[in-house]
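# Understanding the architecture of this molecule
As a plain string of letters, each chain reads:
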Amino acid sequence: MSTPALAPPRDDVLAAEAFAALSVVLDPELDEPVTDLGFVRSLVVLSTPAGADIELHLRLPTSFCSPNFAYLMVSDAKDVLTALPWTGRVGGEGDHPPHNPRV
């Protein structure tokens, strides 16, 4: 008897997994997860033959946030999302006027 093939996870399931993974990304000044602080403006996952691509947009609440801290959060988010076993390409940006770090 053969085992039925498993369907690949849906993009919304992968997006939920990606959002949960971002809970380890901390604001360096507040020492709180970016997910708890509401900094994740959007997270889009699109399945591709090579994996799933992720587009992330972090929005920081104030322009007083240090550009270095903004860069660290965007960089840490990219590292966490890239480490997911199903991830293809990770892209996005941190919305931090007047500096907008990109991944």
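Heads up: the structure comes first, above all this text.
Here the structure is a predicted model, which is why all the values come from computation and not from measurement. (Residues numbered from 1 in each chain as written. Predicted model: local features only at pLDDT ≥ 70, side-chain atom pairs only at ≥ 80, totals over all residues. Heavy atoms only, no water.)

### Overview of the nonpolar core
What tends to happen in soluble globular proteins is that the nonpolar side chains get buried as a cluster. Of all hydrophobic cores here, the largest spans 26 residues; its most connected members are Leu22, Leu43, Ile54, Leu56, Leu81 and Trp86. Listing elements by their share of this core, those giving two or more residues are helix 1 (11-21), strand 1 (40-48), strand 2 (51-59) and helix 2 (67-82). At six residues, helix 2 tops the list of elements feeding residues into this core. Other than its neighbours up to four places away in sequence, Trp86 contacts Leu14, Glu17, Ala18, Val45, Gly51, Ala52 and Ile54. (Core = buried A, V, L, I, M, F, W, Y, C linked by side-chain atoms within 4.5 Å. Buried < 20%, exposed > 50% of the residue type's maximum accessible area, 1.4 Å probe, protein only. Helix = DSSP H or I, 4+ residues; strand = E, 2+ residues; numbered from the N terminus. Contact = heavy atoms within 4.5 Å.)

### A few points about the sheet that holds strand 3 (residues 87-95)
Judged by pairing direction, the sheet is mixed, and its three strands sit side by side in the order 1-2-3 without closing on themselves. Strands at the two margins of the open sheet, each flanked by one partner only, are strand 1 and strand 3. In this sheet, neighbouring strand axes are inclined to one another by 10° on average, regardless of whether the strands run parallel or antiparallel. In this structure, strand 1 lies alongside strand 2, joined through eight bridges in antiparallel fashion. Residue pairing across strands places Val44 opposite Glu55, the latter belonging to strand 2. Across the face of the sheet, helix 1 comes into contact with strand 1 and strand 2 while running at roughly 135° to strand 1. Lying over the sheet, helix 2 contacts strand 1, strand 2 and strand 3, oriented at roughly 165° with respect to strand 3. (Pairing = 2+ DSSP bridges. Axes fitted to C-alpha atoms, helices over the stretch in contact; angles between N-to-C directions.)

### So, unusual backbone geometry
For Asp31, which is not glycine, the phi torsion reads 55° and is therefore positive. Considering the arrangement of structural elements, one finds Asp31 in the loop between helix 1 and strand 1.

### What to know about the side chain of Thr87
The residue Thr87 is located in strand 3 in this model. Within the local environment of Thr87, its side chain forms a polar contact with the backbone oxygen of Leu81, the two atoms lying 2.7 Å apart. In this structure Thr87 touches Ala52, Ile54, Leu81 and Thr82, once residues within four positions along its chain are discounted. (Polar contact = N/O pair within 3.5 Å; in protein donor to acceptor, adjacent residues only side chain to side chain.)

### Let's talk about the pattern of salt bridges
Across all of its chains, the model carries two salt bridges by this definition. Asp12 is the salt-bridge partner of Arg10, the closest N and O atoms lying 2.8 Å from each other. You can call Asp12 partly exposed: its relative accessible area is 44%. Where Glu55 meets Arg89, a salt bridge forms, and the shortest distance between an N and an O atom there is 3.2 Å. With Glu55 in strand 2 and Arg89 in strand 3, this residue pair connects regions lying 34 residues apart in the sequence. (Salt bridge = Lys/Arg side-chain N within 4 Å of Asp/Glu carboxyl O.)

Just geometry here; none of it tells us what the structure is for.
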